[in-house]
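An overview of the molecular structure
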Amino acid sequence: MTSPVHRCISTLAWLLFAIGSKAGLAANDYPIEPGTASLVDLEIEQLLDLDISSITKTSSNSKKVPAALFVLNHEDILRTGATSIPEALRMVPGLHVAKINGGGWSVSVRGINSQFGDPLLVLVDGRSVYTPLFSGTWWDQIDVLMEDIERIEVIRGPGTSLWGANAVNGVINIVTQSAQQAKGMLASAYYGSERYGGGLRYGTDLGDGGFLKVFARHGAFDDSRARGSRENAGDSAGMSKLGFRFDKDVQGGHKLMLQGNAFIGESGGANQTFPAMNGPDKPAITPPYSVQLPTEQNFHGHSILARWESQQSADSTTALRFYWDQHSRRINSIDANNQVDTVDIDFQHNLRLNAAHMLVWGSGYRVNSSHTDEEIYLSLNPSERTDRIYSVFVQDEITLVPNKWTLTLGSKFEHNPVTQFETEPNIRLSWTPDERHTLWSAVSRAVRLPNWLEQNVLFNGTILPPAGNGPATPINPAVLVRIRGNPDMSAEKMLAFEGGWRAQWTHNFHTDFNLYYYNYDDFHTYNPAKPDTSTLFSGYVTQTFEVGNYAFAQVYGGEINADWQIADDWKLRAGYSHAEDQFGISATMPSAIAASVGNYPANKASLWSMHELRPDLKLDLMWRFVDATAPSWLSAETVANRSYHEVDARLAWQLAPNLEISLIGRNLLDSVHFETTSYFTQVATGTQREVYATIRWQP
């Protein structure tokens, strides 16, 4: 890990570079940036009246959308004091955010929770960062300059009818500021007991309707403690990113957007227990039967995205989008390496047919390709594969009674090389009896395609030593336990029933209440195959668990969140969510061992106080409660994570219209707590109490 001295020098370098670029001017000489009204300056009605796009792929009013939606706007994100996106998501009701280690996070919604297998689609400006390798997101790779985020739209519930397979339980859409919004210089830095980093952004008007912004960002987390130890676990993490965005209004009602970025980083990992191997599929037959290896991962990648929008008339707009994303990841200690390339082309047409029908249709083509180096612990067969996915979607938003009843019908139709043809329809009905209330209901069918690990992996997980832990013999053999993928996997299906009531009771009090019931079928399982005893005379046998689709489950629960503006300078935001599941195994399953739905907390609650002590002094206090979670059977750990309460605090002082400093305390109630368990090559470490300071300068 970088030394504290180096961290201090790095942070100061960021600041000096930023301040030096305008050293000739005093901070308070700069004009106040327009459009930067604080949160408490806005009425709740204004905060709710947001223009969002994730629900219908067209501009929608957030007060009336027929879905469980939560939006973190720019001001919200800054007031959390977060330096990473998962931290900013902690206060979203119904979302479970758990820190795994220095740079690793697990984010899930409405139940199912696992770093490897979260059916949650994550987008950055419309670019999917969901990896087909394990049906999840490498959160340590999504390091965005927090000041550059315009808003984060979180949909709790299926979004597959528009966004396609894998947007099963929800969609998180991270929308960054346009180059036009980011004009001028912005510099920020933070430094504290467990983290340091900073970023620079510069945006300029190129003339003739063109705007460009460039940015650089570096962030790092320090080591934490391993479970049952007071020593550092070696899980420090860091990442650096460079990027740009170009926006241009083209004559004739067209818009062009180009953006790209490149990143490199490392995610340290505590030691993990691996089986002692004498070669591929050959376990040790004499003690020791296990080895401790670090799980440090290095990663790098880049992406480029282009979008062309045209407005043919007041009733017709089209958008054509292309992106290429490549990222590689390597576990050094076991020499495992994987690279994923994604090329995606998407076309969309928004067409108002008449006063009653708003039609949105489009098509897409995506190529996912992967290369994996084989090694003795983890390999994919085949080591190289390419999947081509074709899709079309159509959606009609039908106004049944103007300003009262709206019906939305839509479906996506996809063809993929694994399960072939998939249909993902949904129907949504909303009723707005008046301007203050919206009630809605929805029925959706969603699918999660089998990921590449489920289909192709061969993972040597552990060795069960012979009785007495001595040398293995044909009479007293060792057992090699491993997981093998299944290329004939089916897609997991879900039928979802949802309902909600969004109400603004007074000008300063708002609630959002949602219920859901999910019925999963063909849920993935791990089935023990018949032991392979062909190697018995060599002193060992092999017990393989094969991935299958023999489970079904029901997950149900609800969420409620409320905003209450107590005074002009004080606002409260509260949230509570509850989830339960019933899990079953098909009678056709060859054995009784299967994976559970997930180790998610049944109850979560939060309270956020946003107080403006003086016009230049803001205080945020954030309390959260997370229920206990059980250990996964895929983890060597058998200790459950206890429920916990935590408090974060942020005190921000606006020294000048363009200069803010803040002091942030995280996890103030406990010196350390654990939020998840270990999986495969990710070893869970503690989340520690910490304090850090930030500075943001925007001339």
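Residues numbered from 1 in each chain as written. Predicted model: local features only at pLDDT ≥ 70, side-chain atom pairs only at ≥ 80, totals over all residues. Heavy atoms only, no water.

Right, let's talk about the overall build of the protein chain for a bit. Across its full length, the protein chain holds 6 helices and 40 strands. The proportion of buried residues among the 699 residues of the protein chain is 58%. Relative to all contacts within the protein chain whose residues are 6 or more apart in sequence, the contacts with residues 24 or more apart total 65%. In the structure as shown, the protein chain presents an accessible area of about 27500 Å², 59% of it carried by carbon and sulfur atoms. (Helix = DSSP H or I, 4+ residues; strand = E, 2+ residues; numbered from the N terminus. Buried < 20%, exposed > 50% of the residue type's maximum accessible area, 1.4 Å probe, protein only. Contact = heavy atoms within 4.5 Å. Areas by Shrake-Rupley, 256 points an atom, 1.4 Å probe, with all protein chains shown as cover.)

Along the chain, Asp-373 falls in strand S22 (residues 357-373). Residue classification places Asp-373 among the partly exposed residues on the basis of a relative accessible area of 28%. Residues contacting Asp-373, with those up to four places away along its chain left out, are Arg-330, Asn-337 and Leu-378. Of the polar contacts made by the side chain of Asp-373, one reaches the side chain of His-371; its length is 2.9 Å. (Polar contact = N/O pair within 3.5 Å; in protein donor to acceptor, adjacent residues only side chain to side chain.)

It is worth spelling out the pattern of salt bridges at this point. For the structure on display, the rule yields 40 salt bridges. A salt bridge links Asp-325 to Arg-127; the nearest nitrogen and oxygen atoms lie 2.6 Å apart. Placement of the pair is Asp-325 in strand S20 (residues 316-331) and Arg-127 in strand S7 (residues 127-128), with a sequence separation of 198 residues. Ionic pairing is found between Arg-650 and Asp-620, a salt bridge with its closest N-O pair at 3.7 Å. One end of the pair, Arg-650, is in strand S36 (residues 644-656); the other, Asp-620, is in strand S35 (residues 617-626), and 30 residues separate them in sequence. Taken as a pair, Arg-650 and Asp-620 share a single burial class, namely buried. (Salt bridge = Lys/Arg side-chain N within 4 Å of Asp/Glu carboxyl O.)

As a rule of thumb, soluble globular proteins bury nonpolar side chains together. Grouped together as the largest cluster of nonpolar side chains are 26 residues, with contacts concentrated most on Ile-85, Leu-89, Trp-139, Ile-142, Ile-152, Ile-172 and Ile-174. Of all the secondary structure elements, the ones that give two or more residues to this core are strand S3 (68-73), helix H4 (85-89), strand S4 (95-99), strand S5 (105-109), strand S6 (120-124), strand S8 (149-156) and strand S9 (170-176). Excluding residues within four positions of it along the chain, Ile-172 makes contact with Leu-89, Leu-95, Val-107, Leu-120, Leu-121, Val-122, Leu-123, Trp-139, Ile-152, Glu-153 and Val-154. Ranked by size, the runner-up nonpolar core spans 14 residues in total, among them Phe-134, Val-340, Val-457 and Ile-483. (Core = buried A, V, L, I, M, F, W, Y, C linked by side-chain atoms within 4.5 Å.)

Looking now at the packing of aromatic side chains. The tally for this structure, following the rule as stated, stands at 14 aromatic pairs. Measuring from centroid to centroid gives 6.2 Å for Tyr-518 and Tyr-520, while their planes differ by 85°, and the two rings are edge-to-face. On the basis of relative accessible area, Tyr-518 is assigned to the buried category, the value being 0%. By relative accessible area, Tyr-520 is classed as buried at 3%. Taken together through their ring pairs, the aromatic side chains of Tyr-516, Tyr-518, Tyr-520, Phe-523 and Phe-583 make up a single cluster. Positioned over the ring face of Trp-138 is Arg-329, at 3.8 Å from the centre of the ring. (Phe/Tyr/Trp six-rings, centres within 6.5 Å; stacked < 30°, edge-to-face > 60°. Lys NZ or Arg CZ within 6 Å of the ring centre and 35° of its normal.)

Glancing now at a nonpolar patch on the surface. A surface patch of nonpolar side chains, amounting to about 960 Å² of accessible area, comprises Leu-400, Val-401, Trp-405, Trp-431, Leu-439, Trp-501, Trp-505, Phe-513, Leu-515, Ile-560 and Tyr-576. Contributing elements (two or more residues each) for the nonpolar patch: strand S24 (384-401), strand S30 (492-506) and strand S31 (509-528). Residue class for Phe-513 comes out partly exposed when judged on its relative accessible area of 34%. (Patch = residues over 30% accessible without salt bridge, like charges linked within 9 Å, V, L, I, M, F, W, Y side chains within 5 Å.)

Right, let's talk about the sheet that holds S9 for a bit. Strand order in this open sheet of 5 strands is S3-S8-S9-S6-S7, and the pairing throughout is mixed. In this open sheet, the two strands that pair with only one neighbour each are S3 and S7. Where S6 meets S9, 5 bridges bridge the pair, whose relative direction is parallel. Across the sheet, the residue bridging to Leu-120 is Gly-170, located in S9. (Pairing = 2+ DSSP bridges.)

For the rest of this paragraph, the subject is unusual backbone geometry. With an omega of 0°, the peptide bond running from Pro-287 to Pro-288 counts as cis. Checked against the element boundaries, Pro-288 lands in the loop between strand S17 (282-283) and strand S18 (290-294). Put simply, Asn-381 and Pro-382 share a cis peptide bond, and its omega is 10°. The backbone of Asp-125 sits at a positive phi, close to 55°, despite the residue not being glycine. Its location among the elements puts Asp-125 in the loop between S6 and S7.

Here the focus is the confidence of the model for the protein chain. In this model, the protein chain carries a mean pLDDT of 87, and residues with pLDDT of at least 70 account for 88%. Segment residues 1-41 is flagged for pLDDT under 50; beyond a separation of four residues in sequence, or across chains, it makes 73 contacts in the model. (pLDDT = per-residue confidence, 0-100.)

Time to look at the side chain of Asn-101. Among the structural elements, Asn-101 can be located in the loop between S4 and S5. What makes Asn-101 buried here is its relative accessible area of 3%.

Judged by how many residues are buried, strand S37 (residues 659-666) sits mostly within the fold: 6 of 8 residues are covered. The antiparallel hairpin formed by S36 and S37 contains 2 residues in its connecting segment. Of the strand pairs in this sheet, S37 and strand S40 (residues 690-697) are connected by 8 bridges, and their pairing is antiparallel. Pairing of Glu-660 across the sheet is with Arg-696, part of S40.

With that out of the way, let us pick up the pairing of S6. The buried count for S6 comes to 5 of 5 residues, which makes it a mostly enclosed element. Residue alternation in S6 divides its side chains into two sets, Leu-120, Val-122 and Val-124 and Leu-121 and Leu-123, and both sets are buried. Note that S6 and S7 share 2 bridges and pair antiparallel. Bridge pairing in S7 places Leu-123 opposite Ser-128. What sits between the antiparallel neighbours S6 and S7 is a turn of 2 residues, in which Asp-125 has the positive phi angle 55°.

This brings us to the environment of Ser-267. Within the secondary structure, Ser-267 sits in strand S14 (residues 254-267). Along the backbone, Ser-267 and Asp-235 are 32 residues apart, and their C-alpha atoms lie at a distance of 6.8 Å. Those residues within four positions of Ser-267 in sequence are excluded, and the remaining contacts are Asn-101, Gly-103, Gly-104, Asp-140, Ser-236, Ala-237, Thr-295, Glu-296, Gln-297, Phe-299 and Arg-329. Looking at Ser-267, its side chain comes within polar contact range of the side chain of Asp-140, at 3.3 Å.

Let us look at the environment of Tyr-130. With respect to the helices and strands, the residue Tyr-130 is situated in the loop between S7 and S8. Placed 37 residues apart in sequence, Tyr-130 and Ala-167 show a C-alpha to C-alpha distance of 9.4 Å.

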